[in-house]
Amino acid sequence: MAAVATVGLIRARSRILIASADPSFRKRVMRNPVYAGSLSEEAVGGAHALAQLLKFPCDSVLLDRNLPDLDASEVAEQIRKQYPRTEVEMLDSRVGSETLQDGDVRETENATACDEVENLEEVSESCAKAETFAAGAEALPGMIGTSRPMQQVYRLARMVAPRDTTVLVTGETGTGKELVAEGVHRLSRRSKHPFVVVNCAAIPEALLEAELFGHARGAFTGAVQSRLGRIHVAQGGTLFLDEVGELPLSMQAKLLRFLQNGEVQRLGSSDVYRVDVRVVCATNVRLLELVQAKQFRMDLYYRLAIFPIEVPALRNRVGDVSVLADYFVTKLATETAVPPKYLTASALRFLEQGKWAGNVRELQHAIERAFILAGNDPQLSLEHFQAPGEAVS
């Protein structure tokens, strides 16, 4: 009962953010007369709340202790650091019915309040586009770059890593989504257990079920012995499903069932095994567009997109091109045991002005090609980056 009572009197026309995964709880809280006349906004989780504060500065944040993605105390700490004038009050949706009686509430006249957060794509985008909440977020293992968009990736990944929350990493091809997934794994309590990668687009549909769930001997032609699936192999660790948007509908239903009950049944066997596996997925397509086209299950999408992290395109990472280029040049020199090479000023300007449709992967390949063309020359010049027959400007 004290959970809501401690909020106290909210001054008229104050701005309030209520963060809870339970839409009925959010409604009941905001119907309380204490908040009458306040301007309010809603969030469905911790990451969403942090994102909402950037576009909706608040006087008070009402934070459900039972957030689906992050620890509520950690979110509260971040809000207090970033917004010292914003009050943070902890609520508990599990006891909310004891503190908010229907006879004691009335509807708040509030044109800006959300009735429901029905569009999860909007939630995902607002989380992904949120600015860095504290400067100097440490890079994930194996990742290079200090731009603001990458700082946000590092921060979100580090916040969610200690939990078992399902993570959906989005971004264009070549941005480093697998590195983010592996970084989440390496920073988690599962780091000493397997990190198992499954490229959903690279395995034929006929073999995908056996690859993921395993099979018993004789389950199909050629199954001469029983085999554990990739999910089972990831026991205690992390299963990374790359290109998850390529999963056929039949496999989407089976994956959803696994996510719901944590059980694996091998193809051709009635035996059921419980496994402890965290799932991280990645895609370079907009899954909600596939949902609308009936090519991806909405219930599976909601299961996977609990905590979205969007990896920015290289063209949006101001200042990172030169850092990455220097890193790749040094790495190549070390791997090939040759004297150090360096980029000329004109070559570096050329790289920084590139559009990089293939993102970091394309930049890495361009550096490697120039490195080879340079031969014994210690300089990587503009001419080494230009296609044959292309004029040097």
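See the structure above.
The model shown is predicted, which means the values in this text are computed figures rather than measured ones.

Quick notes on the rules
Residues numbered from 1 in each chain as written. Predicted model: local features only at pLDDT ≥ 70, side-chain atom pairs only at ≥ 80, totals over all residues. Heavy atoms only, no water. Helix = DSSP H or I, 4+ residues; strand = E, 2+ residues; numbered from the N terminus. Buried < 20%, exposed > 50% of the residue type's maximum accessible area, 1.4 Å probe, protein only. Contact = heavy atoms within 4.5 Å. Areas by Shrake-Rupley, 256 points an atom, 1.4 Å probe, with all protein chains shown as cover. Pairing = 2+ DSSP bridges. Right-handed = clockwise from strand over helix to strand, strands pointing away. Phe/Tyr/Trp six-rings, centres within 6.5 Å; stacked < 30°, edge-to-face > 60°. Lys NZ or Arg CZ within 6 Å of the ring centre and 35° of its normal. Axes fitted to C-alpha atoms, helices over the stretch in contact; angles between N-to-C directions. Parallel < 35°, antiparallel > 145°, perpendicular 65-115°, else oblique. Left-handed = near helix turned anticlockwise from the far one by under 90°. Nonpolar A, V, L, I, M, F, W, Y, C, P; charged D, E, K, R; others polar.

Examining the overall build of the chain
- From N to C terminus, the chain includes 16 helices and 15 strands.
- Within the chain, the fraction of its 393 residues that count as buried is 50%.
- Contacts in the chain between residues far apart in sequence, at least 24 positions, make up 74% of those at least 6 positions apart.
- Carbon together with sulfur atoms contributes 49% to the accessible area of the chain, which is approximately 19100 Å² in total.

Overview of the pairing of strand S2 (residues 39-43)
- Along S2, 5 of the 5 residues are buried, which leaves the element largely enclosed by surrounding structure.
- One ladder, built from 5 bridges, connects strand S1 (residues 15-19) with S2; its direction is parallel. Bridge pairing in S2 places Arg15 opposite Leu39.
- The parallel pair S1 and S2 is bridged by helix H2 (residues 23-30), and the resulting crossover is right-handed.

A short note on the packing of aromatic side chains
- In this structure the tally under the stated criterion is 4 aromatic pairs.
- Here Tyr301 and Tyr302 contribute two aromatic rings whose centre-to-centre distance is 5.9 Å and whose plane-to-plane angle is 85 degrees, an arrangement assigned as edge-to-face.
- Of the residues examined, Tyr302 reaches a relative accessible area of 39% and is grouped as partly exposed.
- For the pair Phe350 and Phe385, a centre-to-centre distance of 6.4 Å together with 40 degrees between the ring planes defines the contact as tilted. Placement of Phe350 in helix H15 (residues 345-352) and of Phe385 in the segment after strand S15 (379-380) is noted, with a sequence separation of 35 residues between them.
- Sitting over the face of the ring of Phe371, Lys341 holds its NZ or CZ atom 5.3 Å from the ring centroid.

Considerations on the packing of helix H14 (residues 320-336) against helix H16 (residues 359-374)
- Running from N to C, H14 and H16 point in directions that differ by 50 degrees, and their axes come no closer than 10 Å. By the angle between their axes, H14 is oblique relative to H16. Of the two elements, H14 crosses H16, and the hand of that crossing is right-handed. Contacts from Val321, Leu324, Ala325, Phe328, Val329, Leu332, Ala333 and Thr336 in H14 reach Val360, Leu363, Gln364, Ile367, Glu368 and Phe371 in H16.
- For the contact of H14 with H16, the per-class residue count stands at 11 nonpolar, 2 polar and 1 charged.

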